[in-house]
Amino acid sequence: MKNWKKAVLFDLDGTLWDSTASVILAWNEVLARYPDTRPVSQEEMKRVMGFSMDQIGDKLFPYLPKARREAILRACELHENEYIRQHGGVLFEGVRPLLEKLHDQYGIGIVSNCQAGYIEAFLEHYGLQDVVDWMRSFGDFRKEKAENIRDVMVENGIEQAVYVGDIANDFLSARQAGVPFVLAGYGFAPFEYEPTARTVADIEARVDEVLQAH
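The rules behind these values
- Residues numbered from 1 in each chain as written.
- Predicted model: local features only at pLDDT ≥ 70, side-chain atom pairs only at ≥ 80, totals over all residues.
- Heavy atoms only, no water.
- Helix = DSSP H or I, 4+ residues; strand = E, 2+ residues; numbered from the N terminus.
- Rg over C-alpha atoms; globule rule 2.2 N^0.38 Å.
- Contact = heavy atoms within 4.5 Å.
- Areas by Shrake-Rupley, 256 points an atom, 1.4 Å probe, with all protein chains shown as cover.
- Lys, Arg positive; Asp, Glu negative; His and termini not counted.
- Charge placed at Lys NZ, Arg CZ, Asp CG, Glu CD.
- Buried < 20%, exposed > 50% of the residue type's maximum accessible area, 1.4 Å probe, protein only.
- Salt bridge = Lys/Arg side-chain N within 4 Å of Asp/Glu carboxyl O.
- Core = buried A, V, L, I, M, F, W, Y, C linked by side-chain atoms within 4.5 Å.
- Expected span 1.5 Å × (residues − 1).

Looking only at helices and strands, the chain features ten helices and eight strands. The C-alpha atoms of the chain give a radius of gyration of 17 Å, which matches the 17 Å a tight globule of 214 residues would have. Each principal axis of the C-alpha distribution contributes one length, and for the chain these read about 55 × 30 × 30 Å. Relative to all contacts within the chain whose residues are 6 or more apart in sequence, the contacts with residues 24 or more apart total 69%. Counting only carbon and sulfur atoms, one obtains 52% of the accessible surface of the chain, whose full area is about 9,600 Å². Across the chain, 23 positive and 34 negative side-chain charges occur, with their mean positions spaced 4 Å apart.

Have a look at this one:
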């Protein structure tokens, strides 16, 4: 029986899927309409995945005035959500079985630094709404990841949680939120850390170990 007092909270990009190619296509379709911008490359997009949308705007469009940057960023976000909803990305092998197994025991959430609507588009495209209980993005309340992790826990009466992510910022956010961390070692920017899940299938065992130890 599921223990609602315990939860597994996931990062999204680089942890559950890779949407880089779809995001680049969507953004460049929008940027082509603005003569004062230039296309975004795959390398540029990979470097900013996992950061908040404000930080992404600062890194990708430093040459634009703030108001202009925000307007273009918003247009990219809206088009990206619709593109993702229709076309998806690359779902990592084993994600659906993993979420189903964990959902039998724990509450499941996704906490991401993405824009509002992005998590929903991901879940809708892959039909994963039945195995994810909570969602929180940076765009929902303009809050950073650590605060969103804490908010999800408080709002849902979660006493123990583990956060699963693939970059150093995920680890730092988990530490700031006061929850243990499991590194998705197959993700975008893995680093030396234990416990590490080398594949999606490894996450279940690493999560069980952490939640039983705490």
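Here K6 shows up in strand β1 (residues 3-10). The charged side chain of K6 is buried without a salt bridge, its nearest counter-charge being D208 at 8.3 Å. Leaving out residues up to four positions away in the same chain, K6 has contacts with Y106, G107, I158, Q160 and L211.

By the element assignment, N113 lies in the loop between β4 (106-112) and α6 (118-126). Since its relative accessible area comes to 2%, N113 is described here as buried. When sequence neighbours within four positions are dropped, the list of residues in contact with N113 reads G50, F51, S52, M53, F138, E144, K145 and N169.

Attention now goes to the pattern of salt bridges. Tallying each qualifying case throughout the model produces 19 salt bridges. One salt bridge connects D58 with R69, and the closest N-O pair in it is separated by 2.6 Å. Taken together, the positions of D58 in helix α3 (residues 53-60) and R69 in helix α4 (residues 66-87) put the pair eleven residues apart, joining distant regions of the chain. D58 gets classed as partly exposed once you look at its relative accessible area, which sits at 42%. A salt bridge links R198 to E194, with the shortest nitrogen-to-oxygen separation between them at 3.4 Å.

Here the focus is the nonpolar core. Counting residues in hydrophobic clusters, the biggest one holds 52 residues, and the most contacted among them are V8, F10, W27, M45 and V207. With near-sequence residues (within four places) excluded, V207 lies in contact with V8, L102, Y106, V162, V164 and V182. Counting residues in each nonpolar core, the second largest holds 16 residues, with A146, I149, V152 and M153 among its members.

For the rest of this paragraph, the subject is helix α1 (residues 20-31). Here α1 spans 16 Å end to end across twelve residues, near enough to the 16 Å set by a 1.5 Å rise per residue. Within the sequence span of α1, burial applies to T20, S22, V23, I24, A26, W27, V30 and L31.

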